[in-house]
Amino acid sequence: MTSAVPTAIHTDEPAGRPITMFGPDFPFAYDDYLKHPAGLGSVPAEAHGTEVAVIGGGLSGVVTAYELMKLGLRPVVYEVAELGGRLRSVGFDGCPPDVIAEMGAMRFPPSSTTLFHYIDKTGLATKPFPNPLAPETPSTVVDLKGQSHYATTAEELPAVFGDVARAWQRTLDEHAEFGEMQAAIRDRDAKTIKRIWNELVEKLDDQTFYGFLCDSPAFASFRDRETFGQVGFGTGGWDTDFPNSILEILRVVYTGADDEHRSIVGGSQQLPVRLWERAPGELAHWPAGTSLKSLHAGGLPKPGVARLHRTAPGNITVTDTEGHIRTFGAAVFTAQSWMLLSKIACDEALFPIDHWTAIERTHYMESSKVFVPVDRPFWLDTDPATGRDTMSMTLTDRMPRGTYLLGDDPGAPAVICLSYTWADDSLKWLPLSVSERVEVMLQSLAEIYPSVDVRRHIIGDPVTVSWEAEPHFMGAFKANLPGHYRYQHRLFTHFMQDRLEPRYRGLFLAGDDVSWTAGWAEGAVQTALNAVWGVLRHFGGATDPANPGPGDLFDDIAPISLPD
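Conventions adopted
Counting of residues starts from 1 at the beginning of each chain's written sequence and follows it residue by residue. Whole-chain, interface and lining totals are the exception, using all residues; otherwise, since this is a predicted model, local features are given only for residues with pLDDT of at least 70 and side-chain atom pairs are given and counted only at 80 or more. Each side-chain value is derived from all of the structure's non-hydrogen atoms; neither hydrogens nor water enter the calculation. The pLDDT value expresses, per residue, how confident the predictor is, ranging between 0 and 100. Any two residues having at least one pair of non-hydrogen atoms within 4.5 Å are treated as being in contact. Being paired, for any two strands, means DSSP has found at least two bridges between them. In this description a helix means any DSSP run of H or I spanning at least four residues, a strand means any run of E spanning at least two, and both kinds are numbered starting from the N terminus. Polar contact criterion, stated in full: a pair of N or O atoms within 3.5 Å, where within protein one must be able to donate a hydrogen and the other to accept it, and residues adjacent in sequence count only if both atoms are side-chain atoms. Summary of the burial criterion: residues with accessible area below 20% of their type's maximum are buried, those above 50% are exposed, and those between are partly exposed, where the area comes from a 1.4 Å probe applied to protein chains only. By convention a crossover is right-handed if, when the strands point away from the viewer, the path from the first strand over the helix to the second runs clockwise. An axis is simply a line fitted to the C-alpha atoms; with a helix, the fit covers only the stretch in contact. Between two such axes, the angle follows the N-to-C directions and lies from 0 to 180 degrees. For this analysis, a salt bridge means a side-chain nitrogen from Lys or Arg found within 4 Å of a carboxyl oxygen belonging to Asp or Glu. We define a nonpolar core as any set of buried Ala, Val, Leu, Ile, Met, Phe, Trp, Tyr and Cys residues linked to one another through side-chain atoms lying within 4.5 Å. Helix span, expected: 1.5 Å multiplied by one less than the number of residues in the helix.

**Q** Give me the lowdown on the confidence of the model for the protein chain, citing residues and values where you can.
**A** Caution is warranted with low-pLDDT regions, since their predicted coordinates should not be read in detail. Here the protein chain averages 94 in pLDDT, and 96% of its residues register 70 or above. Within the model, the stretch residues 1-10 combines pLDDT values under 50 with 50 contacts to residues more than four positions away or in other chains.

**Q** Describe in detail the sheet that holds strand β9 (residues 305-311), supporting the description with residues and values.
**A** Strand order in the open sheet made by the 4 strands is β11-β10-β9-β13, with mixed pairing throughout. Taken across any chain shown, the strands that pair with only one partner, and hence form the sheet edges, are β11 (325-328) and β13 (345-346).

**Q** Break down the environment of E468 for me, citing the residues and quoting the values.
**A** Relative to the assigned elements, E468 resides in the loop between β19 (463-466) and β20 (477-478). The spacing of E468 and L430 is 38 residues in sequence and 8.6 Å in space, taken between C-alpha atoms. For E468, the residues in contact, after removing those within four places along its chain, are E366, S367, S426, L427, L430, M474 and G475. A polar atom in the side chain of E468 sits 2.9 Å from the side chain of S426.

**Q** So what's going on with the environment of L124? Which residues, and what values?
**A** For L124, the position within the fold is in the loop between α3 (113-121) and β5 (126-128). A C-alpha to C-alpha distance of 16 Å links L124 and P280, two positions 156 residues apart in sequence. In this structure, L124 is in contact with I119, I264, Q270, L271 and R274, ignoring residues within four places of it in sequence.

**Q** Got a sec to walk through the pairing of strand β1 (residues 51-55)? Specific residues and values, please.
**A** For β1, the buried fraction is high: 4 of the 5 residues fall into the buried class. Bridge count between β1 and strand β2 (residues 74-78): 5 bridges; the pairing is parallel. Along β2, the bridge assignment pairs I55 with Y78. Read as a crossover between parallel neighbours, the route from β1 over helix α2 (residues 59-71) to β2 is right-handed. Summarising the sheet, β1 and strand β12 (residues 331-333) pair through 3 bridges and their orientation is parallel. When the sheet's bridge partners are listed, V54 is paired in β12 with V332.

**Q** Describe in detail the sheet that holds β1, supporting the description with residues and values.
**A** Strands pair in a sheet through their backbones, by hydrogen bonds, and they do so in one of two ways: parallel or antiparallel. Here we have 4 strands laid out as an open sheet, ordered β2-β1-β12-β21, and parallel in their pairing. The open sheet has two edge strands, β2 and β21 (507-509), and neither has a second partner. Strand-to-strand, the axes of this sheet are offset by a mean angle of 20°, without reference to chain direction. Strands β1, β12 and β21 of the sheet are contacted by helix α17 (residues 521-538), whose axis makes an angle of about 160° with β21.

**Q** Help me get a handle on the pairing of strand β15 (residues 367-374), residues and values and all.
**A** In terms of burial, β15 is largely enclosed, as 8 of its 8 residues are buried. Bridge count for β15 against strand β18 (residues 414-422) is 8 bridges, and the pairing is antiparallel. Within β18, the residue paired with K369 across the bridge is Y420. Note: β15 against β19, 4 bridges, orientation antiparallel. Looking at the pairing, K369 lines up with V465 of β19.

**Q** Can you lay out helix α9 (residues 246-254) for me, pointing to particular residues and giving the numbers?
**A** Of all 9 residues in α9, 9 are buried, a share of seventy percent or more. Residues of α9 that are buried: I246, L247, E248, I249, L250, R251, V252, V253 and Y254. Those residues of α9 hidden inside the fold are in contact with α4 (159-176), α5 (178-187), α6 (190-204), α7 (209-214), β20 and α16 (485-492). Taking the backbone nitrogen of L247 as reference, a side-chain oxygen 3.1 Å away marks S245 as the first, capping residue of α9. Just past α9, the residue G256 takes up positive phi, approximately 65°.

**Q** Quick rundown of the pattern of salt bridges? Include the residues and the values.
**A** According to the stated counting rule, one finds 28 salt bridges in the structure shown. Salt-bridge contacts for E67 lead to K70; the nearest nitrogen and oxygen are separated by 3.4 Å. Taken together, the residues E67 and K70, both in helix α2 and 3 residues apart, mark about one turn of the helix. The class of E67 is buried, set by a relative accessible area of 2%. Taking the shortest distance from any N to any O, the salt bridge between D224 and R223 comes out at 2.7 Å.

**Q** Let's hear about the nonpolar core: which residues, and what values?
**A** Counting 95 residues, the largest nonpolar core has Y118, W168, F209, L250 and Y254 as its most contacted members. When residues of this core are assigned to their parent elements, the largest contribution, 9 residues, is made by α17. Within the second largest apolar cluster, 31 residues are counted, among which are M103, L395, Y404 and A476.

**Q** Residues and numbers for the side chain of H494, please.
**A** If you trace the backbone, H494 turns up in the loop between α16 and β21. Classification of H494 by relative accessible area gives buried; the value is 1%. Here H494 is in contact with F351, H355, L500, L507, F508 and L509, once residues within four sequence places are set aside.

**Q** Account for the side chain of S337, with residues named and values stated.
**A** Within the secondary structure layout, S337 lies in the loop between β12 and α12 (339-342). A residue is classified by how much of its surface remains accessible, and S337, at 4% relative accessible area, is buried. Sequence-distant contacts of S337, that is, excluding residues within four places in its chain, are made with I359, T362, Y364 and D513.

**Q** Outline α17, listing residues and values.
**A** Each α-helix winds once per 3.6 residues, and so residues spaced three or four apart point in a common direction. Helix length check: α17 (18 residues) gives 26 Å between terminal C-alpha atoms against 26 Å at 1.5 Å per residue, within 8%. Counting buried residues in α17 gives 16 out of 18 residues, a clear majority hidden from the surface. At the C-terminal side of α17, G540 shows a positive phi close to 85°.

**Q** I'd like a rundown of unusual backbone geometry, residues and numbers included.
**A** At the junction of G23 and P24, the peptide bond is cis and its omega measures out at 10° in the coordinates. Mapped onto the secondary structure, P24 falls in the segment before α1 (30-35). The amide bond that connects A312 to the next residue, P313, takes the cis arrangement and shows omega of -10°. Its identity is not glycine, yet R188 carries a phi of approximately 55°, on the positive side. Within the fold, R188 resides in the loop between α5 and α6. Residue R188 is classed as partly exposed on the basis of its relative accessible area, which comes to 25%.

Shown next, in the form of structure tokens:
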């Protein structure tokens, strides 16, 4: 593995012991569970063919439906727009079809081993993503306070960046037992993971990311905290995360989620689309060749959901946006949970009041992107005056914050992500049209690269997204604030429905905002598998004793419960 930016936390991998998203809150081996020859379990024969509503056709919804189909149930998927959710790959009018912009998820860490199970199943290829100072990135420019620093390796940057990197490493070692936690994750030592993490949750649940830095003697310097916030670790500046819970940040660095990213060749949206079309070889009930596509009339999901309510005896009744009503013995809700507050008319009896409170308190991060197609990867040209690349992967405190150069074939069109921002930086773009956004970005980039005319290389209309303005998302991903651990605990553990009153059972939550690793596709997949286990049990099924599921092992590895 290799550090992505100067302040990324990276440790060498011992042979055969990779870092994965195994915990820390719930150290269950989802990847091993998936690949075990015994499968995920079985439902009684009399339940075969039973319809289960799956609300949301993003990655979590499609994985949920795919695995329920394999068990012999009949998933009925509802999707208000198109398959993929925040795996959204869009083209540019008039450009070749392989010139795409990743509006949502665009880079995936290898530690997402459960996600990569499905990437491999669908035959998708991946390639290294050009993060700042990654080995595959020709060059990087860090532009702060009007000063630009060009580098091909972290060692070429000014000493202050190394100081900040060492301060972050020291802070994690001294205040978060970083080395011991990563060793436990590599060893899949759930007992040690739980010991370390449970103590940290009790101590740090009320602490912000910024407060955690301020409490560290290594970050006594405001200059270092400011530089760290602007350049950050892994993929760029993290000052927009400073108000969030430090627990969210520790989950990322412990599990290598911000290191060694890969992109999906041809676009990430292919993953849910291919799963939709894939006929698995292991089917408990359906004939060979059955796919999610073949189980849906016309090969398409049902329309979006307009209303959800409970009906006797213990059913979930769904009204779609075209007015059609259908009743199910179980349902899985995989869309972003805020949809239940405003876009979908809901019966309050769907959840206990404490779960409604948790949904209402969920905090979403804003995020925006702007892309333009260009005639070729001109940034690879050598500037005759400096001998450097004409343009570089750019981290800056100017409006674009992060500019990514995507494409390395000199004879083919390429793409520039002019800007990728979060939180307050994203809100700055919200009132601007796409053309206004591009103008501001080009002006900022002209200050960094005064001899580069980006505009003359643009070959098509730009595309943009502000996820907070998307009516069926209302934000990019969950990011807990201090004190939100208890809310997250309620949502994540909702699949353990034996602990709920019978009147609240049958509707399951999934999706990355329900997971502990929001913003990462791995969380969407893991919570989908939790929901599948819950539905299986709801219909009287069970796992094979040789391959216990997340609910079977729950009591041994459950997330710590903080007192009220």
